[in-house]
Amino acid sequence: MSIGDPQLRAKTITEKLTLYSRRMTDAQLGAALNALYDLDREQYETALIVKLPGLLKIGDLERAKALRQELLNTVQSPSRPFSMLAYVASCYSMAGMSGDAGAIVREAAKRGSQLSKDDGNLVRMAVEVSRGSYPAPQDFYDFRSDEARLEAYLTLAVLARQIENPVIERQAIWGAVKFLQKSSVRIDKQKAFASILMVAPGVVHDGHLSTKSMD
């Protein structure tokens with residue numbers, strides 16, 4: 001909170017929540033989220049998404065439902081490659097609650113919300129992970145853009161971290177790195193690698209991935 005620049009402060013809080021929310025007390029989480037709400041609403045939404053799989057992991061379904069409803073009622077940012085509905089359904093799916101994810105999507109459809117093709121691809125990947133397998137590399141090329149492909153890798157990595165599945169987390173991060181090393185990828189690679197490093201410090205230092213492999 002002592003960081004002077006508001007944008008940098010919001011980014012730093014979001015990063016800490018992404019990495020360490022499972023270890024924080026309710027009071028710490030509440031203080032961080034309240035600060036983020038005042039600083040940057042989109043970053044606030046990102047932090048809330050990260051919180052949901054942790055609640056599902058510990059079986060706190062009532063708080064998870066309340067958080068889910070809050071997320072689904074947020075105004076969708078046009079910069080997000082996936083809808084909030086897709087993120088929520090993916091959280092439930094990766095937590096082993098695919099039936100609940102399907103019910104949430106059907107209920108949302110009754111209210112006029114629909115999953116896009118990219119949304120559906122992300123949710124299908126989450127279901128595949130819940131069944132014990134990692135999506136094939138070619139599955140990531142079903143997304144409409146390089147930005148969406150990268151976001152799919154990062155989403156799987158973040159959700160896997162929150163539900164304590166380090167194998168999937170490492171596979172997703174390593175997949176993202178290999179994807180960015182392709183010459184055909186047309187996105188800002190410096191920013192993309194920074195996004196990977198933000199969600200993966202534990203992986204970067206344990207021998208499964210190194211900064212040298214990113215050069």
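All values derive from a computational prediction rather than experimental measurement. (Residues numbered from 1 in each chain as written. Predicted model: local features only at pLDDT ≥ 70, side-chain atom pairs only at ≥ 80, totals over all residues. Heavy atoms only, no water.)

1. Here's the deal with the overall build of the protein
Stage number 1. Secondary structure assignment for the protein yields 11 helices and 0 strands.
Stage number 2. Reading the protein from its N terminus to its C terminus gives the helix and strand order α-α-α-α-α-α-α-α-α-α-α.
Stage number 3. By the compact-globule yardstick of 17 Å for 215 residues, the protein fits well, its C-alpha radius of gyration being 17 Å.
Stage number 4. For the protein, the C-alpha atoms occupy an extent of roughly 45 × 45 × 30 Å along the three principal directions.
Stage number 5. By the burial criterion, 46% of the 215 residues in the protein qualify as buried. (Helix = DSSP H or I, 4+ residues; strand = E, 2+ residues; numbered from the N terminus. Rg over C-alpha atoms; globule rule 2.2 N^0.38 Å. Buried < 20%, exposed > 50% of the residue type's maximum accessible area, 1.4 Å probe, protein only.)

2. Examining the confidence of the model for the protein
Stage number 1. Scored by pLDDT, the protein comes out at a mean of 86, with 93% of its residues at no less than 70.
Stage number 2. Segment residues 203-215 is flagged for pLDDT under 50; beyond a separation of four residues in sequence, or across chains, it makes 23 contacts in the model. (pLDDT = per-residue confidence, 0-100. Contact = heavy atoms within 4.5 Å.)

3. Describing the layout of surface pockets
Stage number 1. A volume near 980 Å³ is recorded for the largest pocket.
Stage number 2. As for the largest pocket, its lining consists of 29 residues, of which Thr46, Glu151, Leu154, Ser195 and Met198 are closest to the centre.
Stage number 3. Of all the secondary structure elements, the ones that give two or more residues to the lining of the largest pocket are α1 (6-20), α3 (41-57), α8 (146-162) and α10 (189-199).
Stage number 4. A total of 7 residues in the lining of the largest pocket trace back to one element, the largest contributor, which is α8.
Stage number 5. Across the lining of the largest pocket, the residue classes tally to 13 nonpolar, 7 polar and 9 charged.
Stage number 6. The space that makes up the second largest pocket amounts to roughly 430 Å³. (1 Å grid on protein atoms, 1.4 Å probe; cavity = no way out; pocket = protein on both sides within 12 Å on 5 of 7 lines; lining within 4 Å. Points joined across faces, edges and corners; volume = space filled by probe spheres on them. Nonpolar A, V, L, I, M, F, W, Y, C, P; charged D, E, K, R; others polar.)

4. Some words on helix α6 (residues 98-110)
Stage number 1. Here α6 is 13 residues long and its end C-alpha atoms lie 19 Å apart, about the 18 Å a rise of 1.5 Å per residue gives.
Stage number 2. What α6 keeps buried is the set Ala101, Ile104 and Ala108. Here the buried residues of α6 occupy an arc of 60° about the axis, which is enough to place them on one side. Projecting away from the buried face of α6 at angles above 90 degrees are the exposed residues Gly99, Arg106 and Lys110.
Stage number 3. Those residues of α6 that are buried are in contact with α4 (61-72) and α5 (84-94).
Stage number 4. With its phi angle positive at about 100°, Gly112 sits one or two positions after the end of α6. (Expected span 1.5 Å × (residues − 1). Arc of directions from axis to C-beta.)

5. Some details on unusual backbone geometry
Stage number 1. Phi at Glu164 takes a positive value of approximately 60°, unusual for a residue other than glycine.
Stage number 2. Looking at where Glu164 falls in the secondary structure, it is placed in the loop between α8 and α9 (166-180).

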